[in-house]
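Coordinates in review
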Amino acid sequence: MVTKCANAVCNNDFHYLRKGRLFLVPVDDHGPLPSGPQLVGDRKGPQRVEHYWLCDECAERLTLAIDRRLGIVTVPINTPVAKRAAAS
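I will try to describe carefully the structure that is included in this document. Bear in mind that the values here come from a model prediction, so they are computed numbers and not experimental data.

**Observations regarding the overall build of the chain**
Helix and strand counts for the chain stand at 2 helices and 5 strands. Written out in order from the N terminus, the α and β elements of the chain read β-β-β-α-β-β-α. Within the chain, buried positions represent 25% of all 88 residues. At a minimum sequence separation of 6, the contacts of the chain that also span at least 24 residues come to 49%. Total accessible area on the chain stands at roughly 6,700 Å², and carbon and sulfur atoms take up 53% of it.

**Section: a nonpolar patch on the surface**
On the surface, a nonpolar cluster with roughly 380 Å² of combined accessible area is contributed by Leu 17, Leu 22, Leu 24 and Val 49. With respect to the helices, strands and loops of the structure, Leu 22 is situated in strand 1 (residues 21-28). Judged by relative accessible area, which is 37%, Leu 22 ranks as partly exposed.

**Side note on the environment of Leu 54**
With respect to the helices and strands, Leu 54 occurs in strand 3 (residues 48-54). Residue classification places Leu 54 among the buried residues on the basis of a relative accessible area of 0%. In this structure the C-alpha to C-alpha distance between Leu 54 and Cys 10, which are 44 residues apart in sequence, comes to 9.2 Å. Setting aside residues up to four positions removed in sequence, Leu 54 forms contacts with Cys 5, Ala 6, Asn 7, Gly 20, Arg 21, Phe 23, Ala 59, Leu 62, Thr 63, Leu 64 and Thr 74.

**Let's talk about the nonpolar core**
Formed by Val 2, Cys 5, Cys 10, Phe 23, Trp 53, Leu 54, Cys 55, Cys 58, Ala 59, Leu 62 and Leu 64, the largest nonpolar core amounts to 11 residues. Mapped by element, the contributors of at least two residues to this core are strand 3, helix 1 (56-59) and strand 4 (62-67). Sequence-distant contacts of Cys 55, defined by excluding residues within four places in its chain, comprise Cys 5, Cys 10, Asn 12 and Gly 20.

**Looking at the environment of Pro 76**
Relative to the helices and strands, Pro 76 resides in strand 5 (residues 71-76). Residue classification places Pro 76 among the partly exposed residues on the basis of a relative accessible area of 44%. Once the C-alpha coordinates of Pro 76 and Ala 59 are considered, the two residues, 17 residues apart in sequence, prove to be 9.4 Å apart.

**Some thoughts on the side chain of Asn 7**
Considering the arrangement of structural elements, one finds Asn 7 in the segment before strand 1. Ignoring anything within four residues of it in the chain, the contact list for Asn 7 reads Leu 54, Cys 58, Arg 61, Leu 62 and Thr 74.

**Describing the pairing of strand 5**
For a regular strand, side-chain orientation follows a simple rule: the groups alternate between the two sheet faces. In terms of strand pairing, strand 4 meets strand 5 through 6 bridges, oriented antiparallel. Bridge pairing links Thr 63 to Val 75 in strand 5. What sits between the antiparallel neighbours strand 4 and strand 5 is a turn of 3 residues.

Reading the values: the criteria
Residues numbered from 1 in each chain as written. Predicted model: local features only at pLDDT ≥ 70, side-chain atom pairs only at ≥ 80, totals over all residues. Heavy atoms only, no water. Helix = DSSP H or I, 4+ residues; strand = E, 2+ residues; numbered from the N terminus. Buried < 20%, exposed > 50% of the residue type's maximum accessible area, 1.4 Å probe, protein only. Contact = heavy atoms within 4.5 Å. Areas by Shrake-Rupley, 256 points an atom, 1.4 Å probe, with all protein chains shown as cover. Patch = residues over 30% accessible without salt bridge, like charges linked within 9 Å, V, L, I, M, F, W, Y side chains within 5 Å. Salt bridge = Lys/Arg side-chain N within 4 Å of Asp/Glu carboxyl O. Core = buried A, V, L, I, M, F, W, Y, C linked by side-chain atoms within 4.5 Å. Pairing = 2+ DSSP bridges.

Nothing here speaks to function; it is geometry throughout.
Here it is as structure tokens:
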């Protein structure tokens, strides 16, 4: 359950879906699944979906990306990492 902004340095609490930006991230036993094409039969579907939320203030300048070591991280919108994440 989402309770606060995914930005670790932000203390805004989640109250309404209409404020901020909600992210649905498919995960399996190994962590977040990278988006994009998967080979047929390469993997069973994700076992669950995790929810992340950025408040209005953070969503104006940040988005979420998958880091292979850290999992879900916030990144500035106008960076190459954010543009690749948005394209997939």
